[in-house]
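# Topology and contacts: notes
Each chain, letter by letter, is given below.
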Amino acid sequence: MHEGGTAGGAGPNGGSGVDQEFLALERELAVFLRRARASSGEMAREVHPELEPAAYGLLVRLDEAGAQRATELAGYFGVGKATMSRQLRALEELGLVTREPDPADGRASLVRLTEGGTARFRRVRDARRDRYRNKLAGWDPREVAELARLLHQLNARAES
């Protein structure tokens with residue numbers, strides 16, 4: 001028997017205990033995502049005052065994975081080619097990324113961070129990591145590792 005209801009029956013909000021767990025997960029993810037969006041906006045402005053918050057994720061991906069085709073980036077983020085093209089054009093205009101011919105296919109180009117884009121992004125990323133360290137200072141390192149593992153698992157399942 002779980003709190004607020006009978007075993008397998010409805011709880012006080014009409015759902016089973018498992019449903020309540022998923023409602024709690026949804027609520028906490030909504031708060032987390034709201035804060036993450038606000039944080040991404042702040043970090044994007046720290047990289048460049050005109051950088052859109054959504055474009056910050058592109059910088060993360062390019063720093064981690066290296067040069068990529070625009071179609072690969074669009075697929076990774078689950079956006080259309082037109083959206084990706086617009087975001088990359090804006091990053092190019094800000095001097096944060098550049099395009100170069102793809103050695104595997106001269107008709108295609110690879111997008112990569114510029115030297116200045118890399119420096120600006122990493123400065124902001126390192127400051128962000130310091131904030132995470134401060135916010136989670138009271139956590140056991142194993143808890144931080146477990147949270148990272150669970151978030152990775154959630155993200156991997158969302159991709160499939």
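Our structure is the block above this text.
Residues numbered from 1 in each chain as written. Predicted model: local features only at pLDDT ≥ 70, side-chain atom pairs only at ≥ 80, totals over all residues. Heavy atoms only, no water.

### Brief notes about the pattern of salt bridges
Convention followed: Note on definitions: salt bridges are taken to be side-chain nitrogens of Lys or Arg within 4 Å of carboxyl oxygens of Asp or Glu. Buried means the residue's accessible area, taken with a 1.4 Å probe over protein chains only, is under 20% of the maximum for its type, while exposed means over 50%, and partly exposed covers the values in between.
Evaluated as defined, the whole model comprises 12 salt bridges. A salt bridge links Glu 92 to Arg 99, with the nearest nitrogen and oxygen atoms 3.0 Å apart. The class for Glu 92 is partly exposed, based on a relative accessible area of 31%. Ionic pairing is found between Arg 107 and Asp 105, a salt bridge with its closest N-O pair at 3.0 Å. Classification of Asp 105 by relative accessible area gives buried; the value is 18%. A single network of salt bridges, built from pairs that share partners, joins Asp 63, Arg 122, Arg 125 and Asp 126.

### As for the nonpolar core
What tends to happen in soluble globular proteins is that the nonpolar side chains get buried as a cluster. This is how the line gets drawn: The criterion is simple. A nonpolar core is a set of buried Ala, Val, Leu, Ile, Met, Phe, Trp, Tyr and Cys residues joined through side-chain atoms within 4.5 Å. Helix and strand assignments come from DSSP, with helices taken as H or I runs of at least 4 residues and strands as E runs of at least 2, each series counted from the N terminus. It only takes one pair of heavy atoms within 4.5 Å for two residues to be counted as in contact.
Ranked by size, the top nonpolar core spans 21 residues in total, and within it Leu 51, Leu 59 and Leu 91 carry the most contacts. Of all the secondary structure elements, the ones that give two or more residues to this core are helix H1 (17-47), helix H2 (53-65), helix H3 (70-77), helix H4 (81-93), strand E2 (105-113) and helix H5 (115-135). Looking at this core, the element that brings in the most residues is H2, giving 5 residues. Filtering out sequence-adjacent residues up to four positions away, Leu 91 remains in contact with Leu 51, Ala 55, Leu 58, Leu 59, Leu 96 and Val 97.

### Observations concerning the packing of aromatic side chains
Aromatic rings in a pair are described by how distant their centres are and how their planes are angled relative to each other. Rules: Aromatic rings from Phe, Tyr and Trp, with only the six-membered ring used for Trp, were paired whenever their centres fell within 6.5 Å, and each pair was classed as stacked if the ring planes differed by under 30 degrees, edge-to-face if by over 60, and tilted otherwise. The rule for a charge over a ring is simple: NZ of Lys or CZ of Arg within 6 Å of the ring centre, and within 35 degrees of the ring normal.
Taken as a whole and assessed by the stated rule, the structure comprises 2 aromatic pairs. The ring of Tyr 76 is capped by Arg 61, whose NZ or CZ atom sits 3.8 Å from the centre of that ring.

### Observations regarding a nonpolar patch on the surface
For the record, the criterion: Within the patch definition used here, like charges are joined within 9 Å and nonpolar side chains (Val, Leu, Ile, Met, Phe, Trp, Tyr) within 5 Å, considering only residues with over 30% relative accessible area and no salt bridge. Under the convention used here, a 1.4 Å probe and the Shrake-Rupley method define accessible areas, while residue burial counts only the protein chains that appear.
A cluster of nonpolar side chains, namely Trp 139, Val 144, Leu 147, Leu 151 and Leu 154, defines an oily patch on the protein surface of about 380 Å² accessible area. Relative to the helices and strands, Leu 151 is located in helix H6 (residues 141-159). Taking the relative accessible area as the measure of exposure, Leu 151 reaches 31% and is therefore partly exposed.

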